[in-house]
Each structure stands twice: as C-alpha cells, then as structure tokens.
Amino acid sequence: MIFSVVCLLVRRLLGCLVLLARRDASKDAGLLVLRHENAVLRRQAGRVRYQPAGRLWLAALSRLVPRHRWTEVFAVTPATLRAWQRLVARKWDHANLRRPGRPSTVAAIRKLVIRLATDNPAWGHRRVQGELVKLGHPIAASTVWQIPHAAGIDPAPRR
C-alpha cells in the first residue's frame, strides 16, 4: 500500500518535471489533444454521473478557469458548475449554527407569564413563577422577572 502511494507520487513528480522542461508549443499541442478527446467522449458517452468528491474538485477548479471558457473545458454546463460552487459554499457556511447562550423562552410561556402578571396585579415574579411550577412549567424566577420587564409591565408594588 505504502509502496504504491510512493510510486504514484514519484510518477506525478516526474510528470511535473517533464511538463516544466517541455516547450510551450508541445504543451499547447497536448492541450489540443486532450480537448479533442474530451469532445469525442462527450459525443459518445451518455449522461455522466459525478461523485461528490468529483463535484468538489470540478467546483474548485472552475474558480481557476475563466468563465467564458467553461463550456470548452468542463463536461457539464456552467449552471451546473455554479450550483456545485453554491453547494460547496453552503457546506462550509456556519451561519445557521446555534447561537451561544441559553435558548429563548417559548412564546406560549411568555404569554402565560404576561397574562398572569396583568390579571393578578398583587403577584410578584416569585408568585407567578410558583404558579407556573404548579402548572408543570419549570422556569426560573429571574426569567419570570425578565419577561414582564421586557414587555413594559411594572413590578407588583407599582402596578
């Protein structure tokens, strides 16, 4: 296994050295041959199905090739390449990750806290919290204090 990997790396390195030593005319001729082969294979083959790794490589390589040459170089349409680029960008986009901190209180519980606070003006936040615990909603007293405060409802003695 390791021997085959080493052989492959040596072959690629020697291929790169040969490419550096060749003249521009021979490089251009090689590119023309590859383009012709690509055109022939496009005519003969049916629909090509790429694996995700192949899509990733083609999307990355498409960034290096000018857009007006995509139809000459790639076997897929430019719209497909753009879609693959968006897939790659979406994979590494972490904007949808959960934000830090505690999750917000459920809207139904917030409405219930506000209703209890307005219907019972003599109750403080600890009494409202105790009633919610009796109803089966475990919530902290500090959270119960914050909800009416954010809604603009004054504390119990001022109501």
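Residues numbered from 1 in each chain as written. Predicted model: local features only at pLDDT ≥ 70, side-chain atom pairs only at ≥ 80, totals over all residues. Heavy atoms only, no water.

A. Looking closely at the pattern of salt bridges. Applying the stated criterion to the full structure yields 3 salt bridges. Note that Arg115 is salt-bridged to Asp119, the shortest N-O span being 3.5 Å. In this pair, Arg115 and Asp119 are both assigned in helix α6 (residues 107-119), 4 residues apart and thus about one turn of the helix distant. One connected set of salt bridges, linked through shared partners, spans Arg127, Glu131 and Lys134. (Salt bridge = Lys/Arg side-chain N within 4 Å of Asp/Glu carboxyl O. Helix = DSSP H or I, 4+ residues; strand = E, 2+ residues; numbered from the N terminus.)

B. The nonpolar core, seen in detail. Ile109, Val113, Leu116, Trp123, Val128, Leu132, Ile139, Val144 and Ile147 together form the largest nonpolar core, which totals 9 residues. Within the residue set of this core, elements represented by two or more residues are α6, α7 (125-134) and α8 (141-151). Ranked by residues supplied to this core, first place goes to α6 with 3 residues. In this view, Val113 contacts Val128, Leu132, Val144, Ile147 and Pro148; residues no more than four positions away in its chain are not counted. Of all hydrophobic cores here, the second largest spans 8 residues; its members include Leu58, Val65, Phe74 and Trp84. (Core = buried A, V, L, I, M, F, W, Y, C linked by side-chain atoms within 4.5 Å. Buried < 20%, exposed > 50% of the residue type's maximum accessible area, 1.4 Å probe, protein only. Contact = heavy atoms within 4.5 Å.)

The values reported here are purely geometric and, on their own, carry no functional implication.
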